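Topology and contacts: notes
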Amino acid sequence: QVQLVESGGGLVQPGGSLRVSCAASGNIFSSDYMGWYRQPAGKARELVAQIVTGGSPWLESSVKGRFTISRDSKNTVSLQMNNLKPEDTAVYYCNVWRKIIGGSDINYWGQGTQVTVSS
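All of the points below concern the structure found in this document.

Analysis parameters
- Residues numbered from 1 in each chain as written.
- Predicted model: local features only at pLDDT ≥ 70, side-chain atom pairs only at ≥ 80, totals over all residues.
- Heavy atoms only, no water.
- Disulfide = S-S within 2.5 Å.
- Helix = DSSP H or I, 4+ residues; strand = E, 2+ residues; numbered from the N terminus.
- Buried < 20%, exposed > 50% of the residue type's maximum accessible area, 1.4 Å probe, protein only.
- Phe/Tyr/Trp six-rings, centres within 6.5 Å; stacked < 30°, edge-to-face > 60°.
- Lys NZ or Arg CZ within 6 Å of the ring centre and 35° of its normal.
- Polar contact = N/O pair within 3.5 Å; in protein donor to acceptor, adjacent residues only side chain to side chain.

Considerations on the state of the cysteines
Applying the stated criterion across every chain, the model contains one disulfide. Disulfide pairing is shown between Cys-22 and Cys-94; the S-S distance is 2.1 Å. For the disulfide bridge between Cys-22 and Cys-94, the dihedral angle about the S-S bond is near -85 degrees, and by the sign convention the bridge is left-handed. You can see Cys-22 sitting in strand S3 (residues 18-25) and its partner Cys-94 sitting in strand S9 (residues 90-98), a full 72 residues away along the chain. Residues Cys-22 and Cys-94 agree in their burial class; the two are buried.

Structural data, given as structure tokens:
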């Protein structure tokens with residue numbers, strides 16, 4: 001029942017900025033972690049940024065100081081990407097991580113949005 005829809009990807013020159021956003025529908029809890037993964041072509045998906053209500057945002061070291069994650073509401077999360085580099089080129093996926101006590105964790109995924117950094 002949970003659906004995540006990303007928007008805001010596109011083509012940008014090195015040094016430029018983009019903002020990707022994610023809107024969630026269905027039952028999203030304030031205790032859920034929301035974040036962004038990215039997957040460059042031919043490489044594994046990696047966690048880039050994550051945030052949970054009441055906690056400090058977490059950023060992967062290579063994007064720290066350039067990216068900012070914001071949970072704008074219980075159901076929305078965005079990633080502001082500044083000073084973009086070619087190595088940031090990837091499909092960016094919205095993620096919801098629900099920790100289940102005494103059971104398996106649940107992950108929800110968006111369809112992904114392409115971010116291409118090139119001159």
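Digging into the packing of aromatic side chains
The way to describe two aromatic rings as a pair is by their centre distance and the angle between their planes. The tally for this structure, following the rule as stated, stands at two aromatic pairs. A centroid spacing of 4.8 Å and a plane angle of 40 degrees characterise the contact between Tyr-33 and Trp-97, whose relative ring orientation is tilted. Placement of Tyr-33 in strand S4 (residues 33-39) and of Trp-97 in strand S9 is noted, with a sequence separation of 64 residues between them. On the basis of relative accessibility, which here comes to 23%, the residue Tyr-33 falls in the partly exposed class. In this structure Trp-97 comes out as partly exposed when scored by relative accessible area, which is 23%. Cation over ring: Arg-45 sits above Tyr-93, and NZ or CZ is 3.8 Å from the ring centre. Arg-45 extends its terminal NZ or CZ atom over the ring of Trp-109, reaching a point 4.6 Å from the ring centre.

What to know about the side chain of Arg-38
Here Arg-38 is to be found in strand S4. A polar atom in the side chain of Arg-38 sits 2.9 Å from the side chain of Asp-88.

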